[in-house]
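Close look at the chain arrangement
So you can see what is in the structure, the chains are spelled out below.
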Amino acid sequence: MSVFVEPLDAPIRWAASVAADRIELYTEPFARAFEHGLDAGRQSFAIFADAARLAHSLGLGINAGHDLDLDNLTLFRQLPHLDEVSIGHAIVSRAIFEGLEPVVREYLAVLAAA
């Protein structure tokens, strides 16, 4: 079972207490911070990194998603213990204009650089 959570101690600990296998971190706050520049993105990223380390220490797998895109994934892909990102919406939205194959290749290239 996976639980969608904010990057806060209480919901992560709750997920572990109900025997979740993994969490999915809600990343819109990171994406909004990143829009204000790399420094703001890094400050927000630090909160998510702490959350990921806590989740990992509790035996939870870590997924992340919501508003992750080609730009902000350059930083977010560095999240400790990150297993998976939910980026389908971003891929499909861009693919409408650019085509699916080149967009998937772009995302794979960004993620492979992690």
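That block above? That's the structure.
What this report covers is the structure whose coordinates are included nearby. Quantities reported herein were computed from a predicted structural model and do not represent experimental measurements.

**As for the pattern of salt bridges**
In total, this model carries seven salt bridges according to the counting rule given. Here D83 ties to R22 by a salt bridge, and the two come within 3.5 Å at their closest N and O atoms. In this pair, D83 sits in strand β4 (residues 82-86) while R22 sits in strand β2 (residues 22-26), placing the two residues 61 residues apart along the sequence. Classification of R22 by relative accessible area gives partly exposed; the value is 27%. D67 is the salt-bridge partner of R32, the closest N and O atoms lying 2.6 Å from each other. In this pair, R32 sits in helix α2 (residues 28-34) while D67 sits in the loop between β3 (61-65) and α4 (73-76), placing the two residues 35 residues apart along the sequence. Each of E28, R32, E35 and D67 takes part in one network of salt bridges that share partners.

**So, unusual backbone geometry**
Phi at A19 takes a positive value of approximately 65°, unusual for a residue other than glycine. For D67, which is not glycine, the phi torsion reads 70° and is therefore positive. Look at D67 and you get partly exposed, because its relative accessible area is 32%.

**Examining helix α3 (residues 38-57)**
Since the α-helix advances by 3.6 residues per turn, residues separated by three or four positions end up pointing in the same direction. The end-to-end C-alpha distance of α3 is 28 Å, a good match for the 28 Å that 20 residues give at a rise of 1.5 Å each. By the burial criterion, the buried members of α3 are G41, S44, F45, F48, A49, A51, A52, L54 and A55. In this structure, the buried residues of α3 make contact with α1 (9-17), β2, α2, β3 and α4.

**What to know about the pairing of strand β1 (residues 2-5)**
Covered by surrounding structure in β1 are V3 and V5 only, the residues S2 and F4 on the alternate face being uncovered. Direction of pairing for β1 relative to β2: parallel, over a ladder of four bridges. Its bridge partner being in β2, F4 is matched across the sheet by E24. Between the parallel elements β1 and β2, the chain passes through α1 in a crossover that is right-handed.

**Digging into the packing of helix α5 (residues 88-98) against helix α6 (residues 100-112)**
The N-to-C vectors of α5 and α6 enclose an angle of 135°; their axes lie 8 Å apart at closest approach. When the interaxial angle is binned, α5 and α6 end up oblique. Considering how the two elements wind past one another, α5 and α6 form a crossing that is right-handed. Residue-level contacts link A90, I91, R94, A95 and E98 of α5 to L100, P102, V103, V104, E106 and Y107 of α6. Grouping the amino acids of the contact of α5 with α6 by side-chain chemistry returns eight nonpolar, no polar and three charged.

Definitions and limits used
- Residues numbered from 1 in each chain as written.
- Predicted model: local features only at pLDDT ≥ 70, side-chain atom pairs only at ≥ 80, totals over all residues.
- Heavy atoms only, no water.
- Salt bridge = Lys/Arg side-chain N within 4 Å of Asp/Glu carboxyl O.
- Helix = DSSP H or I, 4+ residues; strand = E, 2+ residues; numbered from the N terminus.
- Buried < 20%, exposed > 50% of the residue type's maximum accessible area, 1.4 Å probe, protein only.
- Expected span 1.5 Å × (residues − 1).
- Contact = heavy atoms within 4.5 Å.
- Pairing = 2+ DSSP bridges.
- Right-handed = clockwise from strand over helix to strand, strands pointing away.
- Axes fitted to C-alpha atoms, helices over the stretch in contact; angles between N-to-C directions.
- Parallel < 35°, antiparallel > 145°, perpendicular 65-115°, else oblique.
- Left-handed = near helix turned anticlockwise from the far one by under 90°.
- Nonpolar A, V, L, I, M, F, W, Y, C, P; charged D, E, K, R; others polar.

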